[in-house]
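# Coordinate analysis (summary)
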Amino acid sequence: MMTPNESLSRRRFLDLAAKGTVASALIGIPSIVPSSVFGKNAPSNRINVGAIGTGRISRGHDIPGVWQYDNALIMAVCDVDANRAQDAKKLVNDYYSKKSGKDYDGVQVYGDYRELLANKDIDAVLVSTPDHWHAPMVIHAVQAGKHVYMQKPASLTISEGRMMADAVKRSGTIVQVGSQQRSSSQFRYAAELVRNGRIGQLKTVYVGLPGDPSGDEEKEMPIPKNLNYDFWLGTTPEVYYTEKRVHPQVGYDRPGWLRCEQFGAGMITGWGSHHIDCAHWAMNTELTGPVEIWGKADFPKSGLWDVHGIFRTEALYENGVRMVVSNELPNGIKFEGTDGWVFVSRGDAAVTSSDPSAKQQASKALDASDPKLLTTEIGPNEIHLAVSKEHHGNWLESIAANQQPIAPAEVGHRSCSACLLHHAAMKLNRKLYWDPQKEQFKNDAEANKLLSRPQRKAYAIKRV
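Residues numbered from 1 in each chain as written. Predicted model: local features only at pLDDT ≥ 70, side-chain atom pairs only at ≥ 80, totals over all residues. Heavy atoms only, no water.

## Examining helix 12 (residues 272-283)
Compared with an ideal rise of 1.5 Å per residue, which puts twelve residues at 16 Å, helix 12 spans 15 Å between its outermost C-alpha atoms and is within 8% of the ideal. Counted residue by residue, helix 12 has twelve buried out of twelve residues, so it is predominantly covered. Residues of helix 12 that are buried make contact with helix 9 (185-195), strand 7 (202-208), helix 11 (267-270), strand 10 (322-326), strand 11 (332-337) and helix 14 (409-428). Just beyond helix 12, the residue with positive phi is N284, at close to 60 degrees. (Helix = DSSP H or I, 4+ residues; strand = E, 2+ residues; numbered from the N terminus. Expected span 1.5 Å × (residues − 1). Buried < 20%, exposed > 50% of the residue type's maximum accessible area, 1.4 Å probe, protein only. Contact = heavy atoms within 4.5 Å.)

Listed below in structure tokens is the structure:
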């Protein structure tokens, strides 16, 4: 099958695609797809999806999350690592072959996500890349008119997150942030118990996160021929290649970039985006944030992996609720009120086999100071939160119905922002004062410098 890079230069391809003159046959997309693959869903009603980033979370969570639905077709994959892109092509083709009982070879492969976005036949994309690429790719995707399912956290910085959320709002596209705990019944039920006053007046929220160990110094290595390393670095500074900075060249174990501050903030955003998001859901603070933040953290003194270690941070919200976040607390969320408490977690559930929760002792998915709390029903006249049975399915349903999903971009941005505020407190080791409306620190130039990072010119996000 001929790829765009083989048949046309990238610029020429994009120009033709923008004019609608690239035939489907030229870019290797079959014009007729066997109806047996999709059951009763006609191709005209199908949502064509492209997967951008085909590593661990994509293969184990996002791609299977979409292909299980008959009204969606994964028709393209994209990765800057050519080996991973080809692996993903085989993964998807094999799935559809098994599903239909016939040979299937309809997946197009890209090395440049911009070329994928130029394909007019693609309706929506999965963004399952490292954190530093989330916001830029979502911005470009919605500008191209694509719906997006994006992995959390929503952004590398608060400034990028605001640009992303604004771009989504302008575009009118449907963007789902991968805060999939909202689609787990125990998290929704815990939030409803809190919202409806079952534990009295909410006073304190305790958020426990997994931890990340530091690592050794790593020597420079030759860049693999199959990896476009400069593109992988994106907006971040040029640094030498070593495998543990990026992802394994063999297999799909947990990648090393997760522990490098250049590409993310560590567990405070990696898992914090999940738990703080659900805490905001219960607190009814989804579109705002804390007003004061303080705390401290240990950071590695040496080694390639430099994200935070042991930490404890706190935040105060305008409604008087205090939030405590630490990796020394049980992994989950504890809501403490004047009349009792509720604790919620994933229990023994893990997104992937290398997920940190898979290595921890399983905790109860739902617990309370009084077990009777967990059998109480939410009455018809009480607060009922949105119901989603499965996160990817909710996204696809929202696209079809042209309605907001359960974890929209603005909410995801606010959850990520709160995490990054805790990270700022770790870095500065003093109390910070935040204005959630202006999204700036109050009278604090040093802290406001942390709202953005310098970006390499070739990959810089342009503010519209």
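## Some details on the nonpolar core
In terms of nonpolar packing, the biggest core is built from 122 residues, with F335 and W395 touching the most fellow members. Here this core gets ten residues from one element, more than from any other, and that element is helix 14. With residues up to four places along the chain from it excluded, the contact list for W395 reads V49, V66, A124, V125, L126, H147, V148, Y149, I174 and Q176. (Core = buried A, V, L, I, M, F, W, Y, C linked by side-chain atoms within 4.5 Å.)

## With respect to the pattern of salt bridges
The tally for this structure, following the rule as stated, stands at 23 salt bridges. Between K431 and E292 there is a salt bridge; the shortest N-O distance is 3.4 Å. With K431 in the loop between helix 14 and strand 14 (432-435) and E292 in strand 8 (residues 292-297), this pair connects stretches of sequence that are 139 residues apart. A salt bridge links R430 to E446, with the nearest nitrogen and oxygen atoms 2.9 Å apart. On the criterion of sequence distance, the pair formed by R430 in the loop between helix 14 and strand 14 and E446 in helix 15 (residues 445-448) is long-range, its members being 16 residues apart. What makes R430 partly exposed here is its relative accessible area of 29%. By sharing partners, the salt bridges in this structure join R162, D166, E410, R414 and E439 into a single network. (Salt bridge = Lys/Arg side-chain N within 4 Å of Asp/Glu carboxyl O.)

## Thoughts on the sheet that holds strand 6 (residues 175-177)
Strand order across the open sheet formed by six strands is 3-2-1-4-5-6, with parallel pairing between neighbours. Of all the strands in the sheet, just strand 3 (108-110) and strand 6 have a single pairing partner and so form its edges. Taken over all neighbouring pairs, the strand axes of this sheet differ in orientation by 20 degrees on average, direction set aside. Direction of pairing for strand 4 (residues 124-127) relative to strand 5 (residues 147-150): parallel, over a ladder of four bridges. Of the residues in strand 5, the one forming a bridge with L126 is Y149. Set on the sheet, helix 7 (residues 134-143) makes contact with strand 1 (47-52), strand 4, strand 5 and strand 6; between it and strand 5 the angle comes to about 165 degrees. (Pairing = 2+ DSSP bridges. Axes fitted to C-alpha atoms, helices over the stretch in contact; angles between N-to-C directions.)

## A closer look at the confidence of the model for the protein
Taken as a whole, the protein shows an average pLDDT of 90; of its residues, 87% reach a score of 70 or greater. Note that residues 1-40 has pLDDT below 50 and, in this model, 65 contacts with residues that lie over four places away or in other chains. Per-residue pLDDT stays below 50 along residues 358-362; that stretch engages in nine contacts with residues further than four places along the chain or on separate chains. (pLDDT = per-residue confidence, 0-100.)

## Here's the deal with the pairing of strand 9 (residues 311-316)
In terms of strand pairing, strand 8 meets strand 9 through six bridges, oriented antiparallel. Across the sheet, K296 pairs through a bridge with R312, a residue of strand 9. Two elements, strand 9 and strand 10, share five bridges in a ladder whose sense is antiparallel. Looking across to strand 10, one finds that E314 is bridged to V324. Linkage of strand 9 to strand 10, two consecutive antiparallel strands, is achieved through a turn of five residues, within which G320 is found at a positive phi near 90 degrees.

## Here's the deal with the sheet that holds strand 11
Pairing in this open sheet of nine strands is mixed, and the strands run 13-12-11-7-10-9-8-14-15 from one edge to the other. Every other strand in the sheet has two partners, leaving strand 13 (366-368) and strand 15 (440-441) as the edge strands with one partner each. The pairing of strand 14 with strand 15 spans two bridges and is antiparallel. Its bridge partner lying in strand 15, D435 is registered against Q440. Its contacts with the sheet place helix 9 against strand 7, strand 11, strand 12 (340-344) and strand 13, and it is angled at close to 160 degrees to strand 12.

## Remarks on unusual backbone geometry
Following K152, the chain continues to P153 via a peptide bond in cis, the omega torsion being -5 degrees. Relative to the assigned elements, P153 resides in the loop between strand 5 and helix 8 (158-171). Residue N284 is not a glycine yet carries a positive backbone phi of 60 degrees. Mapped onto the elements of the fold, N284 is located in the loop between helix 12 and strand 8. Backbone geometry at E439 places phi at a positive 55 degrees, although glycine is not the residue there. Mapped onto the elements, E439 comes out in the loop between strand 14 and strand 15.

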